[in-house]
Structures are given as C-alpha cells and as structure tokens.
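Listed below, chain by chain, are the residues.
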Amino acid sequence: MIDRVRGMRDILPEEASLWQALEGEIKRTFELYGYREIRPPLVELAELFSRTVGEATDIVHKEMYTFSDKKGQILALRPEATASVVRAAIGAGGGGDLQKFYYLGPMFRYEKPQAGRSRQFHQYGVEALGSLDPALDAEVIDLGWYLMERVGLGGTEILRLNSIGCAEDRARYRQALLSYFTPHAEELCPACRRRLGENPMRILDCREPKCQPVIQGAPRSVDYLCDACRDHFEAVQGYLRDLGLAYELDHTLVRGLDYYTRTVFELCSGELGAQDALLGGGRYDDLAELLGGAPTPGVGFAGGMERLVLARGHRSDEEAPELECFVVPVTEVAEVRRRAIQLLRTLRRAGLAADMDYMGRSLRKRLRVAGRRARYALILGPEELAQGGLRVRDLGPGVEKVVDLAQFQGDPKAFLA
Ligand code: HAM
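Focus on the overall build of the protein
Phase 1: When you go through the protein residue by residue, the secondary structure sums to 16 helices and 16 strands.
Phase 2: What you see for the protein is a C-alpha radius of gyration of 28 Å, clearly larger than the 22 Å of a compact globule of 417 residues, by over 25%.
Phase 3: Each of the three principal axes of the protein carries a C-alpha extent, and together these read 90 × 50 × 45 Å.
Phase 4: A separation threshold of at least 6 residues defines the contact pool for the protein, and within that pool the share at least 24 residues apart is 68%.
Phase 5: Just so you have it, the protein exposes about 20200 Å², and 51% of that area is on carbon and sulfur atoms.

Dropping the structure here:
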C-alpha cells in the first residue's frame, strides 16, 4: 500500500463540494471588486522566490521544495503566488495602468503539519499592481473583510495592521532592532540568534515563548517611518475608518516575507487555534524592480482555503442532494434496463444530474441509495412501461405520481417543479 505524502491531503468528494461552493463565492467576490483571474504555473525558477520572498525567510531558507531539472536549472514548487503574478505582469507588459489579478491554487511549503497547516495547501489571493494610492490598500483590506462576511465568518475576524515603511525606513529600523536585540541575544531562541545576523525584523514574528518578553520591548517600525510613509499609513487608517473596518495596530506584525513595504495586515479568526491567520498581505512597492521590471507598486493578500474550511466548518443546511434524479428500473428485464439507460441520457442532456445503480442491488437497496443521493426517484416497472408510464417519487415528502413517459422525456424539468 503506497500511502500519501505527509502534509499532503486528499480532498474527497464530500469535502470537495464545500470547496467548490467556497471557491465560487471567492471568485464572485473578487470579480465584484474588478479583479480578473490569472493562473501562473506551479513550478518557477527558485531564484524568483529567493530574490523576493527573501533568502533569510523561513519560506525560502527551510520550507521550499526545490529540485533541478535535466538541464540543471534549480526550480521550485511555488510557496506563494505574489512573485509569480508580478513576474507574469512584467512579462506581459501592460505597465502604466492599474492591473488587478486574482488566483486560486495549490502552494507548497515544507512546514510541520498541524491543524490549518499543511505542506500542500491552497491559497486564494488578489494582487493590484500599478498604484501607490492608500485607498487601494484599504480596498484590498475591505475585500478580504467582505469576503469573510460572504462565506459566513462575518463578526469573527480581527484585523491586525502595521506599516514597515520604505526600503530606507527599514534600513534605519533594522539598525535600531540590531542595537536592541544584540545585548539580548542570549535570551533568544537559536533560530532568532541566526535571524539577528541575517534579518533582525524576522525575530518579531517568532512564536517561541522564550523570545516573547524580548520582542515585546523591541522598537516599533511606525517610529521609523519617513514623512511620505507616515502620511500613507495615516491615509490608509483614515479610509479604513471611513469603511467602518475596526483594526488593531500590531507593532510586531512584519509578515514572514521580505518583499513587503509600508502597509502589512492580517485578518485573523478567534475560531482558529495557533494558526489563526485567515489571510495576510500588504504592499510590495519594490518587488517588480527586484525582478528587473520597471517600478510597479503593488498591494494584495492571500488566504488559506484549509483555514477557511476549518474556521467555517460544514453546515448541515448546505447539504443538498448531489443528484436531481436517480433512475430505478424495478427489474433486470432487458427492455426495462434499456429504457432506463435512454431515460438517463435524456435527463443529462436536459441539464439534470442523474444516475442509476450499476452494482446489481435489490430494488429496496436501490431506493435507499436514491433517497441518499437524489431529490427524485424515477421508477420504471414493467406494468407502468406497458401503459407508457413512469413513476416519479419526490424523495423529500415521499409523494409519488405516475406520468406519461414520452411527455416526461420531451420536457423532464416541467415534471420536476
Ligand atoms: P502568507 O502569510 O505566507 O502570505 O500566506 C497567506 C495565507 O496562506 C496565510 O494567512 C494562511 O491562511 C495560508 N497559509 C500559509 N501557509 C500555509 C500552510 N502551510 N498551510 C495552510 N495554509 C497556509 C503570502 O503567501 C503572500 N503571498 C500574501 C500576499 C499576497 N501578500 C501580498 N499579496
């Protein structure tokens, strides 16, 4: 028996129907805000991520699935999609105007699997490229917020917000963090001691209890913003207030990816345990240039499908039967079976999901399967057929009527109101 790979899950049909419903809702919401779908490949040059997400981040340093192809190129299974979207947008031209993209799909990170964290996981996300307008930051946050309302998580979300400024601000902030953390190095976990040498900002999102007291006393990025970045952050907060979105300023929120500039945010849920971020994002005004493109500011977010499903749970009122009709030939008589097969063909071509038993079950068991899977049982017996009739049983209330088979086949929907 070959088992599945640790951290990679099958989404079985029972769960997949909920995923389909959520994905439909997500796409409709993204389209309401003017985003259009983009489908970047799952495999990219590893350098795309090491240059943007950052060599010193956990995602690139520890978690990326990399391999070389037959030509010796180092490739990676994408751990996220923002870098791919920006790469694609640069490649396609279209600069100068605002471009709004959304995506849904699998991402890969070699993390320790736990509730809400897997190695193949699925993100939905948006990226708006080409504008520095703080109203766009607020729009993106509003979109994440509204999406949670539409999928039934309204009222449970907590919006965490911070600004980490532009590259110059971050250089000054980095210096301040270095001066602060260096004398505390002994109090930090081994990973944070490494981060101190590489990128001290990464220490701020460490979850180790040991590091928390030191982190709490660290300098705050908002105190190192230049005038333009401070104005931008204030404008974002003003728009959020105008939109009625309550936020908490979180000075330790720096996000685990290096490409961010200015606004960073997370929408978290009290329903989730330790992995409480439903979605996270922010601005990345220098990312396009890191990839060799023309300066193109951007802002976006991504959220995890698994966490959405977890936070929301299955709801019994959503469990509609998968089929409209289950065709039940009463006997195995060849003529009856032939009629059943023709009836199935008619139903499907009329746009009605329909099926029958192929397992040689008894009549009683066929009706039981029908009751589980469909709204109507269409029962074909030799007596009804002899008179050109079909028994239609509404499986909800269990009421039955006999209709004319030829008329039914002419317009089945008319009989199933
Ligand atoms: P991220 O915070 O790394 O950001 O991931 C975004 C979301 O993906 C998380 O909030 C979480 O819901 C989900 N997620 C991340 N890792 C896992 C995992 N191992 N298992 C399950 N769910 C996970 C990004 O990826 C950025 N590209 C977001 C962004 C878009 N920023 C700007 N534009």
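Brief notes about the state of the cysteines
Covalent bonding between the sulfur atoms of two cysteines is what defines a disulfide.
Phase 1: Scanning all chains against the criterion turns up 0 disulfides.
Phase 2: Cysteine Cys192 remains unbridged, with the sulfur of Cys206 as its closest cysteine sulfur at 3.6 Å.
Phase 3: Looking at the unpaired Cys268, the closest cysteine sulfur is the one in Cys206, lying at 17 Å.
Phase 4: For Cys268, a relative accessible area of 0% corresponds to the buried category.

A look at the packing of aromatic side chains
Phase 1: Scanning the entire structure with this criterion turns up 9 aromatic pairs.
Phase 2: Aromatic side chains Phe408 and Phe415 sit 5.5 Å apart centroid to centroid with 50 degrees between the ring planes, which places their arrangement in the tilted category.
Phase 3: The exposure class assigned to Phe408 is buried, which follows from its relative accessible area of 1%.
Phase 4: A connected cluster of aromatic rings, assembled from ring pairs, spans Phe30, Tyr102 and Phe301.
Phase 5: Of note, Arg119 hangs over the ring of Tyr110, and the distance from its end group to the ring centre comes to 3.8 Å.

Details of the sheet that holds strand S15 (residues 389-394)
Phase 1: Here 5 strands make up an open sheet; going across it, the order is S13-S12-S14-S15-S16 and the pairing mixed. A strand with exactly one partner marks an edge of an open sheet, and here the two such strands are strand S13 (354-356) and strand S16 (399-404). Averaged over neighbouring strand pairs, the angle between their axes works out to 25 degrees when direction is ignored.
Phase 2: Across 4 bridges, strand S14 (residues 374-380) lies against S15 in antiparallel orientation. Residue pairing for S15: Leu378 is matched across the bridge by Val392.
Phase 3: Strands strand S12 (323-329), S13, S14 and S15 of the sheet are contacted by helix H12 (residues 334-349), whose axis makes an angle of about 160 degrees with S13.
Phase 4: Where helix H13 (residues 363-373) meets the sheet, it contacts S12, S13, S14 and S15, and its direction lies at approximately 175 degrees from that of S12.

Parameters at a glance
- Residues numbered from 1 in each chain as written.
- Predicted model: local features only at pLDDT ≥ 70, side-chain atom pairs only at ≥ 80, totals over all residues.
- Heavy atoms only, no water.
- Helix = DSSP H or I, 4+ residues; strand = E, 2+ residues; numbered from the N terminus.
- Rg over C-alpha atoms; globule rule 2.2 N^0.38 Å.
- Contact = heavy atoms within 4.5 Å.
- Areas by Shrake-Rupley, 256 points an atom, 1.4 Å probe, with all protein chains shown as cover.
- Disulfide = S-S within 2.5 Å.
- Buried < 20%, exposed > 50% of the residue type's maximum accessible area, 1.4 Å probe, protein only.
- Phe/Tyr/Trp six-rings, centres within 6.5 Å; stacked < 30°, edge-to-face > 60°.
- Lys NZ or Arg CZ within 6 Å of the ring centre and 35° of its normal.
- Pairing = 2+ DSSP bridges.
- Axes fitted to C-alpha atoms, helices over the stretch in contact; angles between N-to-C directions.

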